[in-house]
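Results of the structural survey
Letter by letter, the chains look like this.
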Amino acid sequence: MSHATDLKTLAGWMCADFSNQEQAFENPPFYAHIRVCIRPLPIANFPEPSLFLEQAYDYALDQPYRVRVLRLKIIEGRMELENYKLKDQESFLGAARDQKKLKEISPNDIELMGGCDMFINWTGTSFKGVVKPGKNCRVTRKGRETYLDNSFEIDEEKLISLDRGYDPVTNELVWGSVAGAFHFKRRQSFANEVEF
Ligand code: CYC
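Let me sum up the structure you'll find in this document. (Residues numbered from 1 in each chain as written. Predicted model: local features only at pLDDT ≥ 70, side-chain atom pairs only at ≥ 80, totals over all residues. Heavy atoms only, no water.)

**Quick word on the overall build of the protein**
Along the backbone of the protein there are three helices and 13 strands. Taking 2.2 N^0.38 as the reference for a compact globule, 196 residues should give roughly 16 Å; the C-alpha atoms of the protein span a radius of gyration of 16 Å, in line with that estimate. Overall, the C-alpha framework of the protein stretches about 45 × 40 × 35 Å when taken along its three principal axes. The 196 residues of the protein split such that 47% are buried. (Helix = DSSP H or I, 4+ residues; strand = E, 2+ residues; numbered from the N terminus. Rg over C-alpha atoms; globule rule 2.2 N^0.38 Å. Buried < 20%, exposed > 50% of the residue type's maximum accessible area, 1.4 Å probe, protein only.)

If you want it as structure tokens, here you go:
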């Protein structure tokens, strides 16, 4: 059984090669086949627990369209997650599937995405994350400024994730799944690579 500040279990569950193949197959107009690959960054370079994330279409695994570093922290008895961009995303493309590249990343290569911190709570059977309230996580997409509203849930079986962007003035949905959350399953776990 896990608990509210169990970074190791959370990281162990997050570090995997995830696919929503079943969902994409069942509902092709609404869900593309996406792969999410998360690997721990070596503690030699990142003394604070940090994960590297790549999101890609299954047919273009070597050209991920979203690359981030996620830093896990314990603050006031619960966990939080900070989101970082890569200053030069191009130089590290594919690092989630290439340990040699992964080892070349250092804290100097990343940049905090202000306003995008998340709370992560233990539900008793899973961890649930949500971005901190206040519409502060701004994402410009299709030339429009939006704020992120999201939630994800993870356990031993699955990763469920819903990320959407809304217009800060009208609260109208601008981007994100109209059909609901993405359901990912693990193809391969990297829990054994977690060093913290
Ligand atoms: C955006 N997703 C975002 C943003 C944050 C997260 C902070 C806004 C800033 C940014 O572009 O990074 C964070 N979402 C998360 C985290 C998880 C999550 C930490 C737990 C793994 O689910 N994002 C995912 C999903 C996936 C997704 C697994 C569903 C397919 O990690 C989609 N998130 C997604 C997209 C954007 C986004 C498409 C918009 C990015 C953009 O247009 O720039």
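Moving on from the model shown.
**Topic: unusual backbone geometry**
What you tend to see is this: most non-glycine residues have negative phi, and most peptide bonds are trans. Even without being glycine, Glu76 reaches a positive phi, approximately 50°. The residue Glu76 is located in the loop between β4 (66-75) and β5 (78-86) in this model.

**Focus on the pattern of salt bridges**
According to the stated counting rule, one finds 14 salt bridges in the structure shown. Here Lys73 makes a salt bridge to Glu82, at a shortest N to O gap of 3.4 Å. Classification of Lys73 by relative accessible area gives partly exposed; the value is 22%. The exposure class assigned to Glu82 is buried, which follows from its relative accessible area of 12%. Linked through salt bridges whose partners overlap, the residues forming this network are Asp17, Arg35, Asp58 and Arg97. (Salt bridge = Lys/Arg side-chain N within 4 Å of Asp/Glu carboxyl O.)

**A closer look at the nonpolar core**
In this structure, Met14, Phe52, Ile105 and Ile154 are the most contacted members of the largest nonpolar core, which totals 48 residues. Tallying contributions element by element places helix α1 (residues 7-14) first for this core, with five residues. (Core = buried A, V, L, I, M, F, W, Y, C linked by side-chain atoms within 4.5 Å.)

**Structural notes on the site of the ligand**
Around the ligand, 21 residues are found, and the nearest of them are Arg66, Arg68, Arg141, Ser161 and Asp163. A distance of 3.2 Å is found between an oxygen atom of the ligand and a side-chain nitrogen or oxygen belonging to Arg141. Ser161 is positioned with one of its side-chain polar atoms (N or O) 3.0 Å from an oxygen atom of the ligand. In isolation the ligand exposes 790 Å². Once the protein is present, 91% of that is buried. Contributions of two or more residues to the shell around the ligand are made by β4, β5, β9 (138-141), β10 (144-154), β11 (158-166) and β13 (182-189). In terms of residue class, the shell around the ligand is made up of 13 nonpolar, four polar and four charged. (Near = heavy atom within 4 Å. Polar contact = N/O pair within 3.5 Å; in protein donor to acceptor, adjacent residues only side chain to side chain. Areas by Shrake-Rupley, 256 points an atom, 1.4 Å probe, with all protein chains shown as cover. Nonpolar A, V, L, I, M, F, W, Y, C, P; charged D, E, K, R; others polar.)

**Here's the deal with the environment of Thr146**
Here Thr146 shows up in strand β10. Taking the C-alpha atoms as reference points, Thr146 and Phe127, separated by 19 residues in sequence, lie 26 Å from one another. Within polar-contact distance, the side chain of Thr146 engages the backbone oxygen of Val139 at 2.6 Å. Polar side-chain contacts of Thr146 include one of 3.0 Å to the side chain of Trp175.

**What about the environment of Ala179?**
Relative to the helices and strands, Ala179 is located in the loop between β12 (173-176) and β13. Each C-alpha atom of the pair Ala179 and Pro29 lies 9.7 Å from the other, and the pair is 150 residues apart in sequence. Non-local contacts of Ala179, meaning those with residues more than four positions away in its chain, are made with Phe30 and Tyr31. (Contact = heavy atoms within 4.5 Å.)

**Digging into the state of the cysteines**
Taken as a whole, this structure holds one disulfide when the rule is applied. The disulfide partner of Cys116 is Cys137, and the gap between their sulfur atoms is 2.0 Å. In this structure the cystine formed by Cys116 and Cys137 twists about its S-S bond by roughly 85°; its chirality is therefore right-handed. Here Cys137 lies in the loop between β8 (127-131) and β9 and Cys116 lies in the loop between β6 (110-112) and β7 (118-122), a separation of 21 residues in the sequence. Look at Cys116 and you get buried, because its relative accessible area is 3%. Not engaged in a disulfide, the cysteine Cys15 finds its nearest cysteine sulfur in Cys37; these two sulfurs lie 9.0 Å apart. Judged by relative accessible area, Cys15 falls into the buried class, the value being 0%. (Disulfide = S-S within 2.5 Å.)

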